[in-house]
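Close look at the chain arrangement
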Amino acid sequence: TSNKIAPTVETEEPPLLLTSEVEIRHHRGGQPTTKGYFEKPLTDNWGMYLSAFTTRGWDEVTVGPVYYVTPEMSVGIGVGSSRYMASDEEEKSSHPTTSAFWYLKSENWEAELLVERYKRDSVAPTYHEAYVQRKVADNLSVGIFVQSDLGWGPRISYTANKNLSFWASPIIRRSGES
């Protein structure tokens, strides 16, 4: 059987190869960010992942196990460290981080939920990000995106080929707005 486990990357390669994803983001008024995700299946049901994220003023690394619930669905939990300046701090410090995710990719649907908790941040100790999208054409999907510190809006995704995709989400409701 073929495991399709890599977020936004479909592969027909043998299931025990390393899968990876690199994402570069930018939002109006914010800083460009880079995220790397690397996953290595160890058995048909278990693997390990490493996630790294960086932007001006924030660096984060988490690592942990991934459980493949089905060939289309995986869940993971990790631990790591985030280095940033919390709103009640005067300089950057390390924050022990726990992270959990749920990911689904079927023929027509793709969804992901990420939740993180920062141990030493008393003002904003949690973060969440999620999207769900449905394929509407061979290379085009539409859905919704939400990020706790940014807001939510529609998500449009274009897949150029099996290794390259682009997505945009014009935020229509900022976090904290009624």
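Just so it is clear, the model here is predicted, and its values are computed rather than measured. Numbering of residues starts from 1 in each chain and follows the order in which that chain's sequence is written. Since the coordinates come from a predicted model, pLDDT governs what is reported: local features require at least 70, and pairs of side-chain atoms require 80 or more to be given and counted, while whole-chain, interface and lining totals use all residues. The side-chain numbers reported here are obtained from all heavy atoms of the structure, hydrogens and water having been left aside.

Here's the deal with the overall build of the protein
Keep this limit in mind: Each helix is a run of H or I in the DSSP string that is no shorter than four residues. Each strand is a run of E no shorter than two, and both are numbered from the N terminus. The classification of residues rests on relative accessible area computed with a 1.4 Å probe and restricted to protein chains. Under 20% of the type maximum is buried, over 50% is exposed, and intermediate values are partly exposed. It only takes one pair of heavy atoms within 4.5 Å for two residues to be counted as in contact.
When you go through the protein residue by residue, the secondary structure sums to zero helices and 12 strands. What you see in the protein, going N to C, is helices and strands ordered as β-β-β-β-β-β-β-β-β-β-β-β. When burial is assessed residue by residue, the protein has 33% of its 178 residues classed as buried. Contacts in the protein between residues far apart in sequence, at least 24 positions, make up 29% of those at least 6 positions apart.

Some words on the pairing of strand 4 (residues 58-70)
Here is the rule we go by: The criterion for strand pairing is that DSSP finds at least two bridges linking the strands in question.
The sheet contact formed by strand 3 (residues 46-55) and strand 4 spans 10 bridges and is antiparallel. What sits directly across from A52, in strand 4, is V61. Across 10 bridges, the pairing between strand 4 and strand 5 (residues 73-84) is antiparallel. For Y68, the partnering residue across the bridge sits in strand 5 and is S74.

A few points about the pairing of strand 7 (residues 109-118)
Where strand 6 (residues 93-105) meets strand 7, nine bridges bridge the pair, whose relative direction is antiparallel. Across the sheet, Y103 pairs through a bridge with E112, a residue of strand 7. Hairpin geometry of strand 6 and strand 7 is characterised by an intervening segment of three residues between the two adjacent antiparallel strands. As paired elements, strand 7 and strand 8 (residues 126-137) share nine bridges and run antiparallel to each other. Residue E110 lies in a different strand from strand 8, and its bridge partner there is Q133.

What about the packing of aromatic side chains?
Just so we agree on the cut-off: Classification of ring pairs rests on two measures: the distance between centres of Phe, Tyr or Trp rings, Trp counted by its six-membered ring, which must be within 6.5 Å, and the angle between planes, read as stacked under 30 degrees, edge-to-face over 60 and tilted in between.
Counted under the stated rule, the structure contains eight aromatic pairs. With a centroid separation of 5.7 Å and an interplanar angle of 20°, the aromatic rings of Y37 and Y49 are classed as stacked. Note that Y37 is positioned in strand 2 (residues 33-41) and Y49 in strand 3, a separation of 12 residues in sequence. What makes Y37 buried here is its relative accessible area of 9%. Here the aromatic rings of Y84 and Y118 are separated by 5.6 Å at their centres, their planes lie at 75°, and the arrangement is edge-to-face. With Y84 in strand 5 and Y118 in strand 7, this residue pair connects regions lying 34 residues apart in the sequence. Under the relative-accessibility criterion, Y84 is labelled buried at 3%. Its relative accessible area of 3% is what places Y118 among the buried residues.

With respect to the confidence of the model for the protein
The test is simple: The predictor rates its confidence in each residue with pLDDT, a number between 0 and 100.
Within the protein, residue pLDDT values average 84, and 84% of them lie at 70 or more. The model gives residues 1-11 a pLDDT under 50, and that stretch makes 35 contacts with residues more than four places away or in other chains.

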